[in-house]
Amino acid sequence: MVHANLFHYVYRRTSKEYFHEVFHAHSQMELTYVHEGRGLLIIDGKSYSIEPSTLLVLPPFQMHRIQIQVTEQEPFIRSVLTFEPAVLHDYLNDFPSLKGFFQRLTLQQANVHPVNAMAETEPLVALLKQFGSTMGSMREADFEENMGVFLLSLVYQLKQSPDDESAFLKKHNHHVEDIIGWIEKHYMEPFRLEVLASELHLSPYHVAHLFKESTGTSIVAYTQATRIRHACSLLRKSALPLSEIGYRVGIPNPSYFSKLFSQIMGVTPLKYRQHLVK
């Protein structure tokens, strides 16, 4: 049987109570299909509405945060699949085009949107349902082969996905978009809430309260996550030393940069860079 850290799938997980999620990343590929419920995904400097019948596609080490809206009467129901890309390597050898697509996807280079409208009747969702309904009754000897076919089929369906802009791109208060845009321009500078508020013609309290209420996270936490996201980009695209990368993204203390990076990404900056050159 494949170890749970390498492959984990839960079909129609139900949440009836709010849970707090921080900005984080993980080494696994993640596909989450939302059957019922609403929420907000913040990823790559953008925010997306999560609605029923949507598929979330999160490549390895893609920093993100999900805020769900949930009540006893309106639960959040989703199917969640996570797997290490290495699980698929041997299966993909006979499919060079699909292998190239999957490699681009895991390196965040494929043109696959993080949030996609997808009806329950679509082939990819049907695959999730079929595997979820049979997984518990599979013989252990057959599981790994069935898992390989399942993952290959999912990647094939992702490859067929349209590359037009998601219909769920940000539908929230325009002030939140303005705040995110300001942070994108100034993340490398020391953060000053008063300066941000002044430039948006709002009070510091209003800015902080509005952002927290809309996104479920603080402006400071989002600013730190933005710095780490840009550090990931520099680690991918340059050979700069870690101390220089920390300085460029507004975290000049090397030990604190490494600590914060590890907290959010789950690995040290050095291990993240090593992962990219495997």
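Above this text sits the structure in question.
A few points on the structure. (Residues numbered from 1 in each chain as written. Predicted model: local features only at pLDDT ≥ 70, side-chain atom pairs only at ≥ 80, totals over all residues. Heavy atoms only, no water.)

What follows concerns helix α4 (residues 140-159). Along its 20 residues, α4 runs 29 Å from first to last C-alpha, staying within 8% of the 28 Å computed at 1.5 Å per residue. Along α4, the residues that are buried comprise F143, M147, G148, F150, L151, L152, L154, V155 and L158. (Helix = DSSP H or I, 4+ residues; strand = E, 2+ residues; numbered from the N terminus. Expected span 1.5 Å × (residues − 1). Buried < 20%, exposed > 50% of the residue type's maximum accessible area, 1.4 Å probe, protein only.)

Okay, the packing of aromatic side chains next. Scanning the entire structure with this criterion turns up 13 aromatic pairs. Between the aromatic rings of F7 and F131, the centroid separation amounts to 6.0 Å while the plane-to-plane angle is 80 degrees, which identifies the pairing as edge-to-face. Placement of F7 in strand β1 (residues 7-15) and of F131 in helix α3 (residues 123-134) is noted, with a sequence separation of 124 residues between them. Linked through ring pairs, F7, Y9, F131, F143 and F150 together constitute an aromatic cluster. (Phe/Tyr/Trp six-rings, centres within 6.5 Å; stacked < 30°, edge-to-face > 60°.)

Tracing the backbone shows T32 in strand β2 (residues 29-36). Accessibility expressed as a relative area gives 5% for T32, which makes it buried. Once you skip the residues sitting within four places of it in the chain, T32 turns out to touch T54, L55, L56, R78, S79 and V80. (Contact = heavy atoms within 4.5 Å.)

Attention shifts here to the sheet that holds strand β3 (residues 38-43). Spatially, β4-β3-β6 is the arrangement adopted by the three strands of the open sheet, whose pairing is antiparallel. Edge positions in the sheet fall to β4 (46-50) and β6 (64-69), since each of these pairs with one other strand and no more. The average angle at which neighbouring strand axes cross in this sheet is 15 degrees, direction not considered. Both β3 and β4 contribute to a ladder of five bridges, which runs antiparallel. Bridging across to β4, I43 finds its partner in K46. (Pairing = 2+ DSSP bridges. Axes fitted to C-alpha atoms, helices over the stretch in contact; angles between N-to-C directions.)

In this section: the sheet that holds β2. The strand order across the open sheet built from five strands is β1-β7-β2-β5-β8, with neighbouring strands paired in antiparallel fashion. In this open sheet, the two edge strands, each paired with only one partner strand, are β1 and β8 (115-117). Adjacent strand axes in the sheet meet at a mean angle of 15 degrees when their direction is disregarded. Set on the sheet, α3 makes contact with β1, β2 and β5 (54-58); between it and β1 the angle comes to about 95 degrees.

The next thing to look at is the layout of surface pockets. Approximately 490 Å³ is the volume found for the largest pocket. As for the largest pocket, its lining consists of 25 residues, and the residues nearest its centre are D44, Q62, Q108, V112 and P114. It is helix α8 (residues 219-237) that provides the largest number of residues to the lining of the largest pocket, a total of six residues. Tallied by class, residues from the lining of the largest pocket come to twelve nonpolar, seven polar and six charged. (1 Å grid on protein atoms, 1.4 Å probe; cavity = no way out; pocket = protein on both sides within 12 Å on 5 of 7 lines; lining within 4 Å. Points joined across faces, edges and corners; volume = space filled by probe spheres on them. Nonpolar A, V, L, I, M, F, W, Y, C, P; charged D, E, K, R; others polar.)

As enumerated under the stated definition, the model contains three cavities of 30 Å³ or more in all. In this structure, the largest cavity encloses a volume near 70 Å³. Taken together, F23, I42, I43, D44, G45, M63, H64, Y222, A225, T226 and R229 make up the lining of the largest cavity. For the lining of the largest cavity, the elements supplying multiple residues, two or more each, are β3 and α8.

With respect to the helices, strands and loops of the structure, Y187 is situated in the loop between α5 (174-186) and α6 (193-199). A relative accessible area of 12% means that Y187 is categorised as buried. In this structure the C-alpha to C-alpha distance between Y187 and S53, which are 134 residues apart in sequence, comes to 34 Å. Apart from residues no more than four positions distant in its own chain, Y187 is found in contact with T226, R227, H230, R248, V249 and G250.

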